[in-house]
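Remarks on the overall topology
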Amino acid sequence: MINSPKVLLTHAYYLDGDVKELKIMKPYPPLGILYLAAYLEQNNIATDVIDSTFIDFKKHFQLIKDYSPDFIGIYTNLMTKINVVKLISSIKNEPKLSHTKIILGGPEVKFNSKNFHSNGAEYIVKGEGEETFYELISNLWSQKDITSILGLSYILNGNIIENEDRKKLLEMDSLPFPAREKINLKLYFNAWKEKHGASTISVSTMRGCPYTCKWCSRAVYGKSYRRKNAKLVVDELEKIQQQFNFDTIWFVDDVFTVSHKWLSEFRNEIVSRNVKIKYECITRADRMSSDVIQLLKQSGCYRVWIGAESGSQKVIDLMDRRVDVNQVREMIIETRKNGIEAGTFIMLGYPGEKENDIIETLNHLKISNPDYFTITTAYPIKGTELYLENESEFMNSPDWATTSDRDIKLKTEYSKKYYQYAVSWINNEMQLLKQKNNQINLSHSKQFKLFIKSKLSRSLMRIYK
Ligand code: B12
Ligand code: SF4
């Protein structure tokens, strides 16, 4: 493009301001904007990226000011939304950036577009960003009409105009590899290595998920399944192995083993090309089997996360997760027997969950005994069935610009404190079990403390019921 625009992509996640993540220390690079940068460059629009993860808001804003972009594209998710709103306001109030057009994208924008527009965002890209972002930048820069750009909303004469949704990108294979070289991945590698002894890099091989879990946001990729040819995925792995020095791979795909045909092709590529990788992925128990475990093992998988969310079939059915809890247990156990670590996710406080369901969840964890599990308490993400079904019964209505959907209180059986103690009870009980099984080695005093904490949490659950 002659006389090119200055295009800047960024996000507004600041590791330093995320107290929880500082303890976990598993920061991930913003893959979405790296895809966009690669796509624009493939279409001859030079694009820069400012990665905010390792800087603070002040420094971030200064860098943006110095860059002085014609277009700034900001990735937005539920967690970063408050920072994004703040950033928009700072850009709007900065005379040096009066020419800068603000474009938002990412999972949080589709169902919150009106709010983002009324907080200063000029353009919002809904769903997958590549084509819409490219068309928007090139049309605006060459002063062409934007009224027929699919997947876009914008403000015209004070009104919010919502264009039709864009169809899903079907040609995964023509997408360029994300422009990882635009950011300093070493900062991520170092953070991981320091805390966990091994660095990791994230890779995406599929888009969309064909399942129906009611709490899960499908704002970007919809209910779909599209995947890159296994050969191209392995090309990308070889390329990043040459470019960067990392230890493990994290596949960000929603259900890595959803297609057994693809997985088998992937294994064949990895084995025949003698590519040595160590990776971790997420999947569902109903897409696992003894054969799948072997395919995972042969292709380099060292850890697989098998979602369950609850140990109670009743709650799993309320979530419309469509999986049998017994199968989840069997697959966690079999995965571990085959030398692959198993992780699982647990969600407490789903509407309709009672205390006996929580007890069943603890029993489920004890029986399956995964190497890792994470527990969250349920919250409704805008646009999900969980949100829509419970909206009329929300217990509060927090201020949109300064809170996130995580602050919305669902009408649940018990109090917030009850669930906090339930989380603590499960964590302590599982630690004690792992000690009993000789999976961890705790001092007597630590074991005693855990025992007391577990009993105390259980008693407090009764008090705060
Ligand atoms: C891997 C992952 C994680 C990892 C790493 C996150 C990371 N920073 O990479 C971990 C485990 C840490 C994580 C944590 C959380 N996650 Co998460 N995560 C994912 C997952 C599975 C993949 C993300 C990914 O890399 N996708 C691939 C990239 C290419 O897609 P993308 O980012 O969406 O980008 C496309 C579009 O959004 C758009 N786009 C993106 N940026 C921009 C910018 C502009 C300007 C434009 C125009 C377009 C655009 O174009 C891109 C290409 O088409 C997604 C689900 C999914 N399948 O995407 C959930 C997801 C993003 N996570 C979600 C949530 C809720 C969280 C947490 C808040 C959970 C929690 N703890 O409570 C935290 C927040 C963490 C944080 N720091 O931001 C939700 C977000 C919902 C929402 N409304 O925001 C998702 C969608 C899961 C879901 N289905 O509900 N997550
Ligand atoms: S939770 Fe996982 S399986 Fe369920 S809809 Fe979301 S991505 Fe798909």
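As shown above, the structure is provided for reference.
A brief look at the structure comes next. (Residues numbered from 1 in each chain as written. Chains lettered and ligands numbered in written order. Predicted model: local features only at pLDDT ≥ 70, side-chain atom pairs only at ≥ 80, totals over all residues. Heavy atoms only, no water.)

A closer look at the overall build of the protein chain
Counting its secondary structure elements, the protein chain contains 16 helices and 15 strands. The C-alpha atoms of the protein chain give 23 Å as radius of gyration, which agrees with the globular expectation for 465 residues (23 Å, within 12%). Viewed in the frame of its principal axes, the protein chain has a C-alpha envelope of about 70 × 55 × 40 Å. Per-residue burial over the protein chain gives 54% buried out of 465 residues. For the protein chain, the exposed surface amounts to about 21200 Å²; the carbon and sulfur share of it is 50%. Across the protein chain, the 65 positively charged side chains and the 56 negatively charged ones have centroids separated by 5 Å. (Helix = DSSP H or I, 4+ residues; strand = E, 2+ residues; numbered from the N terminus. Rg over C-alpha atoms; globule rule 2.2 N^0.38 Å. Buried < 20%, exposed > 50% of the residue type's maximum accessible area, 1.4 Å probe, protein only. Areas by Shrake-Rupley, 256 points an atom, 1.4 Å probe, with all protein chains shown as cover. Lys, Arg positive; Asp, Glu negative; His and termini not counted. Charge placed at Lys NZ, Arg CZ, Asp CG, Glu CD.)

Examining helix 3 (residues 57-67)
An α-helical segment advances 3.6 residues per turn. Residues three or four places apart therefore align on the same side. Buried within helix 3 are the following residues: Phe57, His60, Phe61 and Ile64. End-on view of helix 3: buried residues confined to an arc of 95 degrees, all on one side of the axis. Opposite its buried face, helix 3 presents the exposed residues Lys58 and Asp66, each directed more than 90 degrees away. Tucked inside the fold, the buried residues of helix 3 contact strand 1 (7-10), strand 2 (47-50), strand 3 (71-75) and helix 4 (81-92). (Arc of directions from axis to C-beta. Contact = heavy atoms within 4.5 Å.)

Concerning the site of ligand 2
Residues in contact with ligand 2, as listed here, are Cys209, Tyr211, Cys213, Trp215, Cys216, Arg218, Asp254, Arg284 and Arg321. Classifying every residue of the shell around ligand 2 gives 5 nonpolar, no polar and 4 charged. (Near = heavy atom within 4 Å. Nonpolar A, V, L, I, M, F, W, Y, C, P; charged D, E, K, R; others polar.)

Notes on the sheet that holds strand 4 (residues 101-105)
Read across the open sheet, the 7 strands follow the order 2-1-3-4-5-6-7; overall the sheet is mixed. The two strands at the open ends of the sheet, each matched to only one other strand, are strand 2 and strand 7 (159-162). The average undirected angle you get between the axes of adjacent strands in this sheet is 20 degrees. In this structure, strand 1 lies alongside strand 2, joined through 4 bridges in parallel fashion. The partner of Val7 across the bridge, within strand 2, is Thr47. Here helix 2 (residues 31-42) sits on the sheet and contacts strand 1, strand 2 and strand 3; the angle it forms with strand 2, its principal contact strand, is near 165 degrees. (Pairing = 2+ DSSP bridges. Axes fitted to C-alpha atoms, helices over the stretch in contact; angles between N-to-C directions.)

A word on unusual backbone geometry
At Asn157, a residue that is not glycine, the phi angle is positive and equals roughly 50 degrees. As for its placement among the helices and strands, Asn157 is situated in the loop between strand 6 (152-156) and strand 7. Residue Asn274 is not a glycine yet carries a positive backbone phi of 55 degrees. Here Asn274 is to be found in the loop between helix 9 (260-272) and strand 12 (279-284).

Focus on the environment of Leu156
The residue Leu156 is located in strand 6 in this model. According to the relative accessible area criterion, Leu156 is partly exposed, its value standing at 41%. Separated by 40 residues in sequence, Leu156 and His196 have C-alpha atoms that sit 50 Å apart.

Examining the site of ligand 1
Near ligand 1 you find 37 residues, and of these Leu78, Glu108, Ser217, Tyr221 and Tyr379 are the closest. Separating an oxygen atom of ligand 1 from a backbone N or O atom of Leu78 is a distance of 2.7 Å. Examining the composition of the shell around ligand 1, we find that 5 residues originate from one element, helix 2, more than from any other. Of the residues in the shell around ligand 1, the class split is 23 nonpolar, 8 polar and 6 charged. (Polar contact = N/O pair within 3.5 Å; in protein donor to acceptor, adjacent residues only side chain to side chain.)

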